[in-house]
Amino acid sequence: MSYRITLIPGDGIGPEVTDAAKRCIEATGVKIDWDIAYAGEEAKNKFQDLLPKVTLDSIKKNKIALKGPITTPIGSGFRSVNVAIRHALDLYACVRPAKSYTGVKSYYKDIDLVIVRENSEDLYAGIEFEQGKPETKNLISEIEKYSEKKIRPDSGISIKPISKFASQRIVDLAFQYAIKFNRKKVTVVTKANIMKFTDGLFLKTAREVAARYSGKVAFEEALVDNMSMQLVQKPHNFDVLVLPNLYGDIISDLCAGLIGGLGVAPGVNIGDDLAVFEAVHGSAPKYKGLNKVNPTAMILSGVLLLKYIKEDKAAERLENAVKEVLAEGKSVTYDLKPTPNDPTAVGTREMANAIISKLKRF
Ligand code: NAD
(Lines give C-alpha, C1' and ligand atoms only; values in the text may rest on other atoms or scores of the structure.)
Protein backbone atom coordinates (compact mmCIF):
# COMPACT_ATOMS: atom_id res chain seq x y z
CA MET A 1 0.00 0.00 0.00
CA SER A 2 1.20 3.50 -0.82
CA TYR A 3 -0.02 6.78 0.71
CA ARG A 4 -0.32 9.95 -1.34
CA ILE A 5 0.81 12.88 0.79
CA THR A 6 1.35 16.54 -0.11
CA LEU A 7 4.89 17.77 0.54
CA ILE A 8 5.39 21.53 0.82
CA PRO A 9 9.12 22.28 1.10
CA GLY A 10 8.46 25.88 2.21
CA ASP A 11 11.26 28.44 2.08
CA GLY A 12 14.32 29.52 4.12
CA ILE A 13 15.54 26.34 5.83
CA GLY A 14 12.26 24.59 4.86
CA PRO A 15 13.56 22.62 1.84
CA GLU A 16 16.53 21.29 3.86
CA VAL A 17 14.54 20.11 6.88
CA THR A 18 11.66 18.70 4.83
CA ASP A 19 14.13 16.77 2.67
CA ALA A 20 15.67 15.32 5.86
CA ALA A 21 12.22 14.35 7.18
CA LYS A 22 11.14 12.87 3.85
CA ARG A 23 14.24 10.67 3.65
CA CYS A 24 13.79 9.48 7.26
CA ILE A 25 10.11 8.66 6.69
CA GLU A 26 10.95 6.77 3.50
CA ALA A 27 13.69 4.85 5.33
CA THR A 28 11.06 3.32 7.63
CA GLY A 29 9.84 1.39 4.58
CA VAL A 30 6.39 3.01 4.54
CA LYS A 31 5.58 3.71 0.89
CA ILE A 32 4.68 7.31 0.20
CA ASP A 33 3.91 8.93 -3.11
CA TRP A 34 4.79 12.59 -2.45
CA ASP A 35 2.74 15.24 -4.21
CA ILE A 36 5.12 18.24 -4.22
CA ALA A 37 3.34 21.58 -3.83
CA TYR A 38 4.66 25.09 -3.28
CA ALA A 39 3.90 27.93 -0.91
CA GLY A 40 5.93 30.96 0.12
CA GLU A 41 8.88 32.41 -1.79
CA GLU A 42 9.28 29.49 -4.17
CA ALA A 43 5.58 29.61 -5.10
CA LYS A 44 5.93 33.31 -5.74
CA ASN A 45 8.86 32.66 -8.09
CA LYS A 46 7.08 29.82 -9.90
CA PHE A 47 3.43 30.98 -9.93
CA GLN A 48 3.58 34.69 -8.91
CA ASP A 49 1.40 33.64 -5.99
CA LEU A 50 2.50 33.01 -2.39
CA LEU A 51 -0.27 30.47 -1.86
CA PRO A 52 -1.40 29.00 -5.21
CA LYS A 53 -4.78 27.31 -5.47
CA VAL A 54 -3.08 24.09 -6.72
CA THR A 55 -1.33 23.82 -3.36
CA LEU A 56 -4.55 24.11 -1.37
CA ASP A 57 -6.23 21.70 -3.82
CA SER A 58 -3.43 19.18 -3.32
CA ILE A 59 -3.89 19.22 0.49
CA LYS A 60 -7.69 18.98 0.12
CA LYS A 61 -7.33 16.01 -2.20
CA ASN A 62 -4.64 14.10 -0.29
CA LYS A 63 -5.96 15.09 3.18
CA ILE A 64 -2.44 14.97 4.66
CA ALA A 65 0.56 17.25 4.18
CA LEU A 66 4.08 17.58 5.48
CA LYS A 67 4.97 21.25 5.37
CA GLY A 68 8.22 23.15 5.80
CA PRO A 69 8.27 26.58 7.43
CA ILE A 70 7.35 29.61 5.34
CA THR A 71 8.67 33.14 5.77
CA THR A 72 6.03 35.74 6.55
CA PRO A 73 6.23 38.16 3.60
CA ILE A 74 6.56 41.82 4.43
CA GLY A 75 4.11 44.16 2.72
CA SER A 76 2.37 41.59 0.49
CA GLY A 77 -1.20 41.78 1.75
CA PHE A 78 -0.77 38.37 3.41
CA ARG A 79 -0.54 38.46 7.19
CA SER A 80 1.15 35.10 7.03
CA VAL A 81 1.02 32.28 4.48
CA ASN A 82 0.85 29.82 7.37
CA VAL A 83 -2.18 31.50 8.85
CA ALA A 84 -3.74 31.73 5.37
CA ILE A 85 -3.35 27.94 4.93
CA ARG A 86 -4.96 27.29 8.33
CA HIS A 87 -7.87 29.57 7.53
CA ALA A 88 -8.39 28.34 3.96
CA LEU A 89 -8.56 24.71 5.11
CA ASP A 90 -10.19 25.36 8.49
CA LEU A 91 -7.33 23.67 10.32
CA TYR A 92 -8.85 24.59 13.65
CA ALA A 93 -6.54 22.72 16.01
CA CYS A 94 -2.81 23.06 16.50
CA VAL A 95 -1.46 20.08 18.43
CA ARG A 96 2.08 20.32 19.75
CA PRO A 97 3.60 17.57 21.88
CA ALA A 98 6.45 18.77 24.13
CA LYS A 99 8.59 15.80 25.10
CA SER A 100 12.07 15.62 26.65
CA TYR A 101 14.79 13.68 24.89
CA THR A 102 18.07 12.72 26.53
CA GLY A 103 20.89 14.67 24.91
CA VAL A 104 18.88 17.84 24.39
CA LYS A 105 20.00 20.55 26.81
CA SER A 106 17.19 21.65 29.09
CA TYR A 107 16.53 22.67 32.70
CA TYR A 108 13.94 19.88 32.92
CA LYS A 109 13.81 16.12 32.46
CA ASP A 110 10.98 13.77 31.53
CA ILE A 111 8.58 16.43 30.26
CA ASP A 112 5.68 14.90 28.34
CA LEU A 113 3.01 17.48 27.60
CA VAL A 114 0.63 18.02 24.71
CA ILE A 115 -0.67 21.49 23.87
CA VAL A 116 -3.95 21.67 21.94
CA ARG A 117 -4.47 25.22 20.68
CA GLU A 118 -7.60 26.58 19.03
CA ASN A 119 -6.46 27.98 15.69
CA SER A 120 -9.36 29.81 14.12
CA GLU A 121 -10.60 32.62 16.33
CA ASP A 122 -9.76 34.75 19.40
CA LEU A 123 -7.58 37.86 19.03
CA TYR A 124 -5.84 36.12 16.11
CA ALA A 125 -8.99 36.13 13.95
CA GLY A 126 -7.51 39.19 12.25
CA ILE A 127 -10.42 41.57 12.92
CA GLU A 128 -8.51 44.75 13.63
CA PHE A 129 -9.20 48.45 13.31
CA GLU A 130 -6.30 50.86 12.91
CA GLN A 131 -5.88 53.84 15.19
CA GLY A 132 -7.06 57.11 13.62
CA LYS A 133 -9.09 55.56 10.73
CA PRO A 134 -12.68 56.89 10.34
CA GLU A 135 -14.14 53.36 10.70
CA THR A 136 -12.23 52.91 13.97
CA LYS A 137 -13.66 56.17 15.32
CA ASN A 138 -17.15 55.06 14.25
CA LEU A 139 -16.68 51.71 15.91
CA ILE A 140 -15.54 53.37 19.16
CA SER A 141 -18.62 55.60 19.29
CA GLU A 142 -20.84 52.62 18.41
CA ILE A 143 -19.32 50.49 21.22
CA GLU A 144 -19.78 53.33 23.70
CA LYS A 145 -23.51 53.23 23.00
CA TYR A 146 -23.59 49.69 24.43
CA SER A 147 -21.00 49.93 27.19
CA GLU A 148 -20.48 52.19 30.16
CA LYS A 149 -16.74 51.83 29.64
CA LYS A 150 -14.91 54.56 27.75
CA ILE A 151 -12.39 53.84 24.99
CA ARG A 152 -9.73 56.46 24.34
CA PRO A 153 -10.44 58.04 20.92
CA ASP A 154 -6.86 57.44 19.76
CA SER A 155 -7.10 53.66 20.29
CA GLY A 156 -6.54 50.82 17.85
CA ILE A 157 -9.01 47.96 18.29
CA SER A 158 -8.64 44.17 17.99
CA ILE A 159 -11.74 42.02 18.26
CA LYS A 160 -11.70 38.77 20.23
CA PRO A 161 -14.41 36.43 18.95
CA ILE A 162 -14.79 33.10 20.77
CA SER A 163 -17.73 30.92 19.76
CA LYS A 164 -19.43 27.99 21.41
CA PHE A 165 -19.04 26.00 18.19
CA ALA A 166 -15.26 26.44 17.97
CA SER A 167 -14.77 25.93 21.72
CA GLN A 168 -16.75 22.73 21.61
CA ARG A 169 -14.85 21.19 18.70
CA ILE A 170 -11.39 22.05 20.08
CA VAL A 171 -12.11 20.72 23.57
CA ASP A 172 -13.68 17.61 22.07
CA LEU A 173 -10.54 17.12 19.95
CA ALA A 174 -8.38 17.43 23.10
CA PHE A 175 -10.40 14.69 24.84
CA GLN A 176 -10.40 12.49 21.74
CA TYR A 177 -6.63 12.91 21.54
CA ALA A 178 -6.30 12.02 25.24
CA ILE A 179 -8.28 8.82 24.72
CA LYS A 180 -6.46 7.83 21.53
CA PHE A 181 -3.01 8.28 23.08
CA ASN A 182 -3.91 7.02 26.55
CA ARG A 183 -3.53 10.36 28.30
CA LYS A 184 -4.95 10.79 31.78
CA LYS A 185 -5.91 14.45 32.14
CA VAL A 186 -7.06 17.46 30.11
CA THR A 187 -6.53 20.93 31.61
CA VAL A 188 -8.47 23.84 30.12
CA VAL A 189 -6.54 27.11 30.35
CA THR A 190 -8.28 30.49 30.11
CA LYS A 191 -8.59 33.90 31.75
CA ALA A 192 -12.30 33.35 32.37
CA ASN A 193 -12.28 35.31 35.63
CA ILE A 194 -11.67 38.52 33.65
CA MET A 195 -13.03 37.88 30.13
CA LYS A 196 -16.31 36.33 31.11
CA PHE A 197 -18.07 36.35 27.75
CA THR A 198 -15.22 35.00 25.65
CA ASP A 199 -12.87 32.94 27.84
CA GLY A 200 -15.86 32.36 30.12
CA LEU A 201 -17.74 30.79 27.21
CA PHE A 202 -14.71 28.66 26.31
CA LEU A 203 -14.54 27.40 29.91
CA LYS A 204 -18.27 26.79 30.26
CA THR A 205 -18.25 24.85 26.98
CA ALA A 206 -15.18 22.90 28.10
CA ARG A 207 -17.01 21.85 31.27
CA GLU A 208 -19.95 20.60 29.19
CA VAL A 209 -17.69 18.63 26.86
CA ALA A 210 -15.65 17.25 29.79
CA ALA A 211 -18.82 15.90 31.40
CA ARG A 212 -19.20 13.54 28.41
CA TYR A 213 -15.75 12.08 29.11
CA SER A 214 -16.22 11.84 32.87
CA GLY A 215 -14.70 8.62 34.25
CA LYS A 216 -12.50 8.23 31.16
CA VAL A 217 -10.21 11.28 31.26
CA ALA A 218 -9.72 13.65 34.23
CA PHE A 219 -10.53 17.33 33.72
CA GLU A 220 -9.18 20.41 35.46
CA GLU A 221 -9.27 24.16 35.01
CA ALA A 222 -6.50 26.74 35.27
CA LEU A 223 -5.96 30.44 34.69
CA VAL A 224 -3.31 31.23 32.10
CA ASP A 225 -1.18 33.46 34.35
CA ASN A 226 -1.09 30.87 37.11
CA MET A 227 -0.55 28.13 34.52
CA SER A 228 2.57 29.90 33.22
CA MET A 229 4.03 29.83 36.73
CA GLN A 230 3.02 26.22 37.37
CA LEU A 231 4.50 25.05 34.07
CA VAL A 232 7.83 26.52 35.10
CA GLN A 233 7.64 25.18 38.68
CA LYS A 234 6.05 21.75 38.24
CA PRO A 235 5.49 20.87 34.59
CA HIS A 236 5.17 17.17 35.44
CA ASN A 237 1.76 17.82 37.01
CA PHE A 238 0.22 18.35 33.56
CA ASP A 239 -0.70 16.16 30.65
CA VAL A 240 -2.90 17.58 27.81
CA LEU A 241 -3.59 21.35 27.84
CA VAL A 242 -6.38 22.90 25.75
CA LEU A 243 -6.38 26.65 25.16
CA PRO A 244 -7.86 29.44 23.05
CA ASN A 245 -5.63 30.74 20.25
CA LEU A 246 -3.52 33.49 21.86
CA TYR A 247 -2.72 31.65 25.12
CA GLY A 248 -2.12 28.49 23.09
CA ASP A 249 0.48 30.28 20.98
CA ILE A 250 2.36 31.60 24.00
CA ILE A 251 2.12 28.48 26.14
CA SER A 252 3.23 26.18 23.32
CA ASP A 253 6.43 28.24 22.93
CA LEU A 254 6.91 28.13 26.69
CA CYS A 255 6.58 24.33 26.54
CA ALA A 256 9.03 24.16 23.60
CA GLY A 257 11.41 26.00 25.96
CA LEU A 258 10.88 23.35 28.65
CA ILE A 259 12.15 20.62 26.33
CA GLY A 260 15.17 22.47 24.99
CA GLY A 261 13.88 24.76 22.29
CA LEU A 262 12.50 25.02 18.80
CA GLY A 263 14.93 22.61 17.16
CA VAL A 264 13.13 19.60 18.68
CA ALA A 265 9.46 20.74 18.80
CA PRO A 266 7.09 19.08 16.28
CA GLY A 267 3.45 19.90 15.55
CA VAL A 268 0.37 19.36 13.44
CA ASN A 269 -2.55 21.54 12.35
CA ILE A 270 -5.75 19.55 12.16
CA GLY A 271 -9.14 20.10 10.53
CA ASP A 272 -12.12 17.78 10.38
CA ASP A 273 -10.51 15.40 7.91
CA LEU A 274 -7.24 17.18 7.12
CA ALA A 275 -3.86 17.28 8.83
CA VAL A 276 -0.81 19.41 8.01
CA PHE A 277 2.34 18.35 9.89
CA GLU A 278 5.03 20.95 10.54
CA ALA A 279 7.79 21.91 12.96
CA VAL A 280 7.07 24.64 15.50
CA HIS A 281 10.09 26.67 14.32
CA GLY A 282 10.07 29.15 11.46
CA SER A 283 12.11 29.48 8.27
CA ALA A 284 15.26 30.88 9.99
CA PRO A 285 16.25 32.72 6.74
CA LYS A 286 19.79 33.48 7.88
CA TYR A 287 20.59 29.73 7.81
CA LYS A 288 19.02 29.10 4.40
CA GLY A 289 21.04 26.73 2.20
CA LEU A 290 23.84 26.28 4.76
CA ASN A 291 23.05 22.63 5.64
CA LYS A 292 23.38 23.70 9.27
CA VAL A 293 20.07 23.62 11.15
CA ASN A 294 18.57 20.87 13.23
CA PRO A 295 16.13 18.63 11.31
CA THR A 296 14.75 16.93 14.47
CA ALA A 297 11.55 18.99 14.82
CA MET A 298 10.62 18.23 11.22
CA ILE A 299 11.54 14.53 11.55
CA LEU A 300 9.47 14.27 14.74
CA SER A 301 6.60 15.90 12.82
CA GLY A 302 7.10 12.97 10.45
CA VAL A 303 6.74 10.61 13.44
CA LEU A 304 3.39 12.28 14.23
CA LEU A 305 2.39 11.85 10.58
CA LEU A 306 3.23 8.13 10.66
CA LYS A 307 1.09 7.73 13.82
CA TYR A 308 -1.74 9.62 12.13
CA ILE A 309 -1.77 7.18 9.19
CA LYS A 310 -1.65 4.34 11.73
CA GLU A 311 1.87 3.22 10.81
CA ASP A 312 2.60 2.90 14.52
CA LYS A 313 5.51 0.49 14.20
CA ALA A 314 7.29 2.76 11.69
CA ALA A 315 6.59 5.79 13.93
CA GLU A 316 8.08 4.02 16.94
CA ARG A 317 11.16 2.90 15.01
CA LEU A 318 11.79 6.41 13.68
CA GLU A 319 11.32 8.02 17.09
CA ASN A 320 13.71 5.48 18.64
CA ALA A 321 16.30 6.22 15.96
CA VAL A 322 16.00 9.98 16.67
CA LYS A 323 16.26 9.28 20.42
CA GLU A 324 19.47 7.27 19.97
CA VAL A 325 21.15 9.88 17.80
CA LEU A 326 20.20 12.64 20.26
CA ALA A 327 21.35 10.63 23.28
CA GLU A 328 24.72 9.81 21.66
CA GLY A 329 25.19 13.52 20.85
CA LYS A 330 27.77 12.70 18.17
CA SER A 331 26.09 13.17 14.78
CA VAL A 332 24.04 16.20 15.81
CA THR A 333 23.79 19.80 14.61
CA TYR A 334 25.50 22.79 16.25
CA ASP A 335 22.53 23.70 18.48
CA LEU A 336 22.68 20.29 20.20
CA LYS A 337 26.40 20.50 20.96
CA PRO A 338 27.73 21.94 24.26
CA THR A 339 28.71 25.15 22.43
CA PRO A 340 27.40 26.48 19.08
CA ASN A 341 30.94 26.60 17.60
CA ASP A 342 31.71 22.97 18.41
CA PRO A 343 33.78 21.72 15.43
CA THR A 344 32.27 18.21 15.72
CA ALA A 345 28.76 19.44 14.82
CA VAL A 346 27.36 17.83 11.66
CA GLY A 347 25.04 19.30 9.03
CA THR A 348 21.28 18.84 8.57
CA ARG A 349 21.78 16.15 5.93
CA GLU A 350 24.38 14.24 7.96
CA MET A 351 22.19 14.20 11.08
CA ALA A 352 19.35 12.76 8.99
CA ASN A 353 21.80 10.17 7.59
CA ALA A 354 22.77 9.15 11.15
CA ILE A 355 19.09 8.68 12.03
CA ILE A 356 18.55 6.61 8.88
CA SER A 357 21.55 4.38 9.78
CA LYS A 358 20.05 3.72 13.23
CA LEU A 359 16.71 2.90 11.61
CA LYS A 360 18.33 0.24 9.50
CA ARG A 361 19.67 -1.43 12.66
CA PHE A 362 16.29 -1.73 14.40
P1 NAD B 1 12.60 30.99 13.49
O2 NAD B 1 12.02 29.83 14.24
O3 NAD B 1 12.63 30.87 12.03
O4 NAD B 1 14.10 31.22 13.96
C5 NAD B 1 14.49 31.78 15.18
C6 NAD B 1 15.86 31.24 15.58
O7 NAD B 1 15.67 29.93 16.12
C8 NAD B 1 16.81 31.03 14.41
O9 NAD B 1 17.54 32.19 14.10
C10 NAD B 1 17.67 29.92 14.92
O11 NAD B 1 18.67 30.46 15.76
C12 NAD B 1 16.72 29.10 15.73
N13 NAD B 1 16.17 27.97 14.97
C14 NAD B 1 14.96 27.88 14.38
N15 NAD B 1 14.81 26.69 13.81
C16 NAD B 1 15.94 26.00 14.04
C17 NAD B 1 16.41 24.69 13.69
N18 NAD B 1 15.65 23.83 12.98
N19 NAD B 1 17.65 24.32 14.09
C20 NAD B 1 18.41 25.16 14.79
N21 NAD B 1 18.04 26.40 15.15
C22 NAD B 1 16.82 26.82 14.78
O23 NAD B 1 11.81 32.28 13.96
P24 NAD B 1 11.80 33.75 13.36
O25 NAD B 1 13.20 34.19 13.05
O26 NAD B 1 10.97 34.54 14.30
O27 NAD B 1 10.99 33.62 12.01
C28 NAD B 1 11.58 33.54 10.72
C29 NAD B 1 10.46 33.49 9.71
O30 NAD B 1 9.72 32.28 9.85
C31 NAD B 1 9.45 34.64 9.86
O32 NAD B 1 9.09 35.12 8.60
C33 NAD B 1 8.28 33.97 10.55
O34 NAD B 1 7.07 34.60 10.29
C35 NAD B 1 8.33 32.59 9.94
N36 NAD B 1 7.67 31.54 10.75
C37 NAD B 1 7.06 30.55 10.06
C38 NAD B 1 6.46 29.52 10.77
C39 NAD B 1 5.81 28.41 9.98
O40 NAD B 1 6.03 28.30 8.80
N41 NAD B 1 4.99 27.59 10.60
C42 NAD B 1 6.52 29.46 12.15
C43 NAD B 1 7.19 30.49 12.82
C44 NAD B 1 7.78 31.51 12.11
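Before any of the text, the structure's been laid out above.
Residues numbered from 1 in each chain as written. Predicted model: local features only at pLDDT ≥ 70, side-chain atom pairs only at ≥ 80, totals over all residues. Heavy atoms only, no water.

Visitor: What is the right way to read the site of the ligand from this model?
Guide: Around the ligand sit 20 residues, and of these Ile70, Thr72, Asn82, Gly282 and Ala284 come closest. One of the side-chain nitrogen or oxygen atoms of Lys67 is found 3.4 Å away from an oxygen atom of the ligand. One of the side-chain nitrogen or oxygen atoms of His281 is found 3.3 Å away from a nitrogen atom of the ligand. (Near = heavy atom within 4 Å. Polar contact = N/O pair within 3.5 Å; in protein donor to acceptor, adjacent residues only side chain to side chain.)

Visitor: What is the right way to look at the packing of aromatic side chains in this model?
Guide: Centre-to-centre distance and the angle between the planes together describe a pair of aromatic rings. Under the defined criterion, the tally for this structure stands at 5 aromatic pairs. Judged by centre distance (6.2 Å) and plane angle (40 degrees), the ring pair of Phe175 and Phe219 falls under tilted. Here the residue Phe175 occupies a position in helix α6 (residues 164–180), and Phe219 occupies one in strand β9 (residues 218–223), the gap between them amounting to 44 residues. Where Tyr287 meets Tyr334, the ring centres are 5.7 Å apart and the plane angle is 40 degrees; that geometry is what we call tilted. Of this pair, Tyr287 sits in the loop between β12 (275–279) and α10 (296–308) while Tyr334 sits in the loop between α11 (312–328) and α12 (348–361), placing them 47 residues apart in sequence. Taking relative accessible area as the criterion, Tyr334 reaches 17% and is therefore assigned buried. The ring of Tyr38 has Lys46 sitting right over it, with the charged end atom 4.5 Å from the ring centre. (Phe/Tyr/Trp six-rings, centres within 6.5 Å; stacked < 30°, edge-to-face > 60°. Helix = DSSP H or I, 4+ residues; strand = E, 2+ residues; numbered from the N terminus. Buried < 20%, exposed > 50% of the residue type's maximum accessible area, 1.4 Å probe, protein only. Lys NZ or Arg CZ within 6 Å of the ring centre and 35° of its normal.)

Visitor: What exactly am I supposed to notice about unusual backbone geometry here?
Guide: Residues apart from glycine generally show negative phi values, whereas peptide bonds are mostly found in trans. With phi around 60 degrees, Asn182 is a residue other than glycine that occupies positive phi space. As for its placement among the helices and strands, Asn182 is situated in the loop between α6 and β8 (185–190). Even without glycine at this site, Asn291 takes up a positive phi of about 50 degrees. As for its position among the elements, Asn291 is in the loop between β12 and α10.

Visitor: Looking at this structure, I do not really get the environment of Asn119. What am I missing?
Guide: Take Asn119: it is sitting in the loop between β5 (112–118) and β6 (128–129). Judged by its relative accessible area of 4%, Asn119 falls in the buried class. Linking Asn119 and Ile170, residues 51 residues apart in sequence, is a C-alpha distance of 8.9 Å. With near-sequence residues (within four places) excluded, Asn119 lies in contact with Arg86, His87, Leu91, Tyr92, Ala93, Cys94, Asn245 and Asn269. For Asn119, the side chain forms a polar contact with the side chain of Asn269, separated by 2.9 Å. (Contact = heavy atoms within 4.5 Å.)

Visitor: Before we go on, may I ask you to explain helix α4 (residues 81–88) in this structure?
Guide: An α-helical turn contains 3.6 residues, so a residue and the one three or four places further along point in the same direction. Along α4, the residues that are buried comprise Val81, Asn82, Ala84, Ile85 and Arg86. Taken together, the buried residues of α4 touch α3 (53–62), β3 (64–67), β5, β11 (266–270) and β12. In this structure Ser80 caps α4, since a side-chain oxygen of it lies 3.1 Å from the backbone nitrogen of Asn82.

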